[in-house]
Number of protein chains: 2
Amino acid sequence: MLNIAIIGFGKIGSGVADVFAENESVISKKLGDTVNIKYILDIREIKNHPLSDRCIRDFNIILNDPDISLIVETIAETVPGSTLEAYKFTKSALEKGVNVVTSNKAVVAKFGAELLKIAAETNARYFFEASVGGGIPIIRPIYNCLAANKLNKITAILNGTTNFILTKMSNEGLDFDAALEIAQENGFAERDPSADIDGIDSCRKICILSSLAFGRQLPPEKVYAEGIRYITPDDIKNAEKIGCRIKLIAKAEKIENPDAVYVIVAPMLVPRNSPLYNIEDVFNGIVVTGNVIGDVMFYGQGAGKLPTASAVAADVMDALLKSTKNMMWEVSDGSYVSDYKKYPAKYYIRAEVDPNVLKPDDLNSIYYLIGKTFPDADIYESNNSKELFFTVHISDDYKFDDGIKNLSDAGFKIKSKIRIL
Amino acid sequence: MLNIAIIGFGKIGSGVADVFAENESVISKKLGDTVNIKYILDIREIKNHPLSDRCIRDFNIILNDPDISLIVETIAETVPGSTLEAYKFTKSALEKGVNVVTSNKAVVAKFGAELLKIAAETNARYFFEASVGGGIPIIRPIYNCLAANKLNKITAILNGTTNFILTKMSNEGLDFDAALEIAQENGFAERDPSADIDGIDSCRKICILSSLAFGRQLPPEKVYAEGIRYITPDDIKNAEKIGCRIKLIAKAEKIENPDAVYVIVAPMLVPRNSPLYNIEDVFNGIVVTGNVIGDVMFYGQGAGKLPTASAVAADVMDALLKSTKNMMWEVSDGSYVSDYKKYPAKYYIRAEVDPNVLKPDDLNSIYYLIGKTFPDADIYESNNSKELFFTVHISDDYKFDDGIKNLSDAGFKIKSKIRIL
């Protein structure tokens, strides 16, 4: 009998117990042994659950029980201070040589390199397949299967909540608040949805993928992350006119000379020829680009209790069997992250003409003024008849902001400014 | 220095040498050592290659050299007798405890279970990530990352050549022969294209995936495989009318009671809501369904010299580092494979009305006769004005064939009969 403990018995933690119960036959067959959840640690009282009698409040009971060879760390990331607490528990377990499996992206994004180093020293396993993409296999495939590649780029939809909201807005013409409400009613968004809709969740996930792909810790605080609150139905309809859908994109790209990584989380217009264009609803899609493999994409439901729990359970099996070794990347403060504003980009700009400065029907002047500031702009009629929108390539965001300012001075009210992938 | 040998120096084998040369820095860093290709075994003389001096003709030189800890087996599958030869080489290497990495789907599909058993006994690694999906990570993700699932189903586009041909037919209105010629001109189809277009390649690949997912060897000769030669531009246009694209689909599904596996390779109409609908050109897409994960899809270029070679190279690194353990499934003669004809399906039927028997404009009679045989048929106008097509659910192919015969007797010339996914 293999004894394990679960710390944090919320959605994912209790889901892990469910998966072990539901799929006991297949899991025991592969392990050649049964798994026993000996302890459950949670700050709340767990009532009316078949495992209620396993509940404890003191982590040291787990740490000091020589029967426990593995801890599942599924502490909720939303509770203030929980990341540091989860980190401390993980660290003390790994230092004792106890395996830890987690879905906690906040801990891996911030402390991954350090914890993997400790695990390597004590020959414990520290696995975190569930931290990105829910149940979609992505961590191990990047690290093992694509190992012979120089990885260049990761471009991904990593947050199901925002993708659901944007899909609803697009398909039903809803505004952001109405779509968010539906997401909340369906259990796809939290009551306090900011971690999802402000890009914090995507940011942590791209940090883990970037650390893994490029070999150095990427601390989340080094990443510019923008959410989707400001996206309007007009933006979505305008995007459709030029063959695009708006998605919350997380992107990390290796820059060679000088050695750096460009990384960003922001809503972007995704063109139809991108494999991410068709990723709808709560699904995630992760495109990994390597120098010999080209593009490969991983697709599936990126969240949800059971899919995520199934990835945790697979890691538990793997760690108990010691089937695969730990991953590894270097500790870093992220000073190698490049200034995201100094990166060529293409933008979509929606603007209203200020009737106090310009006559809205004086198209020649309008086209002249935009063209003067952005010579390669393509100008379109907006879904909203009082507005227009244009697309433009830029080499540098600082110069671009100057250009936008010039346009504002000339009588354009800039309403939206969204990157194009 | 880690000494390896490559046996079979065709497209993939020479690609492996290219990947090791091209990405030497990243590979050596991860291995902590350099890889030396000490021997190349090929029946042809390898001229004008930087490694020409490594060429030998006698496998025993490799087998008896204690420096060689790993053999890359990339023998071409098209040469008659090569599968058996590759199998014998692999077996004798594994018996001596020498690791083997292969892209040879014919060998894995036929002898996988036996070879994995030998590898387990001698603690050698036998890896074959490149045998399915080219460079797309799929073997390891199924086996490790989805281990806590009861896997139910694999539905996949596994052959880039046929997908390219069908995409060309669809986008440019070409017939099969013209599209095949373009595929050959672009190097996407062999001069003798039968392994691809008759479904043999897809069949071997679904056998490997099924063996892996369901834990028992699936010998290719147990699988009904149908190719795409008979697909016409009319079929493709008719499919579009009902929101479908025609793809060569490989499918394996677990049946619980009695314990069996349904498996088939055949062209199918893929509806727009399937993630496989958007897999175009030479790309592959593999949808894996598990009881807790739901659907996950893996997508990328499923063939090509360097992508496939990069998967071999990653396996070489993994085997040399012993980072992951071998996979395993049971030896079986495949007698558990169910009769594919006794499986509910939905069909698309294109038919011409025989003017000697029926008046082609007597629509009432036509609808009556079809409806009499297939009460739930939906009937449509065909792209070809002399024809019509209909879709129908069936519970059993034997009964269906009887129904088709009744229609033929009543004056319908059945031109196409294609499954709907």
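Our structure is the block above this text.
Here's what I pulled together on the structure shown here.

Topic: the overall build of chain A
Then, in step 1: Across its full length, chain A carries 14 helices and 16 strands.
Then, in step 2: Expected size for 421 residues packed as a compact globule is a radius of gyration near 22 Å; at 24 Å, chain A falls within 12% of this value.
Then, in step 3: Projected onto the principal axes, the alpha-carbon positions of chain A cover approximately 80 × 50 × 35 Å.
Then, in step 4: In chain A, which comprises 421 residues, the proportion classed as buried is 59%.
Then, in step 5: A separation threshold of at least 6 residues defines the contact pool for chain A, and within that pool the share at least 24 residues apart is 74%.
Then, in step 6: About 16700 Å² of surface is accessible on chain A, with carbon and sulfur atoms providing 49% of the total.
Then, in step 7: Separation between the mean location of the 48 positive side-chain charges and that of the 56 negative ones in chain A comes to 2 Å.

Points about the relation of the copies chain B and chain A
Then, in step 1: Mapping chain B onto chain A is achieved by rotating through 180 degrees and translating by 0.0 Å along the same axis, at an RMSD of 0.1 Å. The relationship between the two copies is best expressed as a two-fold rotation axis. Minimal C-alpha distance to the rotation axis in chain B is attained by Thr324(B), lying at 2.1 Å.
Then, in step 2: Most of the interface of chain B is mirrored in chain A, where 100% of its interface residues are also at the interface.

Some points on the packing of aromatic side chains
Then, in step 1: Within the structure shown, the criterion is met by 27 aromatic pairs over all chains.
Then, in step 2: Chaining the aromatic ring pairs together yields one cluster made of Tyr347(A), Phe374(A), Phe390(A) and Phe400(A).
Then, in step 3: Over the face of the ring belonging to Phe127(B) we find Arg140(B), whose NZ or CZ atom lies 4.5 Å from the ring centre.
Then, in step 4: Sitting over the face of the ring of Tyr336(B), Arg216(B) holds its NZ or CZ atom 4.1 Å from the ring centroid.

Notes on the nonpolar core
Then, in step 1: Grouped together as the largest cluster of nonpolar side chains are 174 residues, with contacts concentrated most on Ile62(A), Tyr126(A), Val288(A), Ile62(B), Tyr126(B) and Val288(B).
Then, in step 2: If we skip the residues at most four places from it in the chain, Val288(A) touches Ile138(A), Ile142(A), Leu146(A), Leu151(A), Lys153(A), Ile154(A), Gly294(A), Asp295(A), Val296(A) and Phe298(A).
Then, in step 3: If you look at the next biggest cluster of nonpolar residues, it comprises 33 residues, including Ala17(B), Ile37(B), Leu70(B) and Ala130(B).

A few points about empty space enclosed by the protein
Residue and element names in this part refer to chain B.
Then, in step 1: What the rule picks out here adds up to three cavities of 30 Å³ or more.
Then, in step 2: Roughly 60 Å³ of volume is contained in the largest cavity.
Then, in step 3: Lining the largest cavity we find Leu166, Thr167, Ser170, Ile236, Ala239, Glu240, Cys244, Arg245, Ile246, Lys247 and Glu280.
Then, in step 4: Ranked by residue count, the leading element in the lining of the largest cavity is strand S9 (residues 244–255), at four residues.
Then, in step 5: When its residues are assigned to classes, the lining of the largest cavity shows five nonpolar, two polar and four charged.

Points about the interface of chain B and chain A
Then, in step 1: Each partner contributes residues to the interface: chain B has 46 residues there, and chain A has 46 residues.
Then, in step 2: Buried area between chain B and chain A, both sides added, is near 3600 Å², and the carbon and sulfur share of it is 59%.
Then, in step 3: Together, Cys145(B), Ala148(B) and Val292(B) form the three largest contributors to the area buried by chain B at its contact with chain A, with a combined 16%.
Then, in step 4: Our count for the contact surface shared by chain B and chain A stands at two salt bridges.
Then, in step 5: Close ionic contact of Lys29(B) with Glu330(A) constitutes a salt bridge, the shortest N to O distance being 3.9 Å.

Brief notes about the pairing of strand S16 (residues 412–420) of chain A
Residue and element names in this part refer to chain A.
Then, in step 1: Strand direction decides the pairing type here: strand S10 (residues 260–271) and S16, joined by two bridges, are parallel. Pairing of Met268 across the sheet is with Arg419, part of S16.
Then, in step 2: Here eight bridges tie strand S13 (residues 345–353) to S16, and the two strands are oriented antiparallel to one another. Bridging from a neighbouring strand, Glu352 pairs with Lys413 of S16.

Some thoughts on the pattern of salt bridges
Note on pairing: side chains with opposite charge can pair once their charged atoms come close.
Residues and elements named next belong to chain A.
Then, in step 1: Applying the stated criterion to the full structure yields 60 salt bridges over all chains.
Then, in step 2: Close ionic contact of Lys251 with Glu253 constitutes a salt bridge, the shortest N to O distance being 3.7 Å. No difference in accessibility class separates Lys251 from Glu253, as the two residues are buried.
Then, in step 3: A single network of salt bridges, built from pairs that share partners, joins Glu77, Lys105, Asp201, Arg204 and Lys205.

Focus on helix H1 (residues 11–22) of chain A
Residue and element names in this part refer to chain A.
Then, in step 1: Between its first and last C-alpha, H1 extends 16 Å over 12 residues, near the 16 Å set by a 1.5 Å rise per residue.
Then, in step 2: Residues of H1 that are buried: Ile12, Gly13, Ser14, Gly15, Val16, Ala17, Val19 and Phe20.
Then, in step 3: Buried residues in H1 make contact with strand S1 (2–7), helix H2 (24–31), strand S2 (35–41), strand S4 (68–73) and helix H12 (305–321).

What counts as what
Residues numbered from 1 in each chain as written. Chains lettered and ligands numbered in written order. Predicted model: local features only at pLDDT ≥ 70, side-chain atom pairs only at ≥ 80, totals over all residues. Heavy atoms only, no water. Helix = DSSP H or I, 4+ residues; strand = E, 2+ residues; numbered from the N terminus. Rg over C-alpha atoms; globule rule 2.2 N^0.38 Å. Buried < 20%, exposed > 50% of the residue type's maximum accessible area, 1.4 Å probe, protein only. Contact = heavy atoms within 4.5 Å. Areas by Shrake-Rupley, 256 points an atom, 1.4 Å probe, with all protein chains shown as cover. Lys, Arg positive; Asp, Glu negative; His and termini not counted. Charge placed at Lys NZ, Arg CZ, Asp CG, Glu CD. Least-squares fit on C-alpha atoms with pLDDT ≥ 70 in both. Phe/Tyr/Trp six-rings, centres within 6.5 Å; stacked < 30°, edge-to-face > 60°. Lys NZ or Arg CZ within 6 Å of the ring centre and 35° of its normal. Core = buried A, V, L, I, M, F, W, Y, C linked by side-chain atoms within 4.5 Å. 1 Å grid on protein atoms, 1.4 Å probe; cavity = no way out; pocket = protein on both sides within 12 Å on 5 of 7 lines; lining within 4 Å. Points joined across faces, edges and corners; volume = space filled by probe spheres on them. Nonpolar A, V, L, I, M, F, W, Y, C, P; charged D, E, K, R; others polar. Buried area = accessible area lost by both parts, 1.4 Å probe. Salt bridge = Lys/Arg side-chain N within 4 Å of Asp/Glu carboxyl O. Pairing = 2+ DSSP bridges. Expected span 1.5 Å × (residues − 1).

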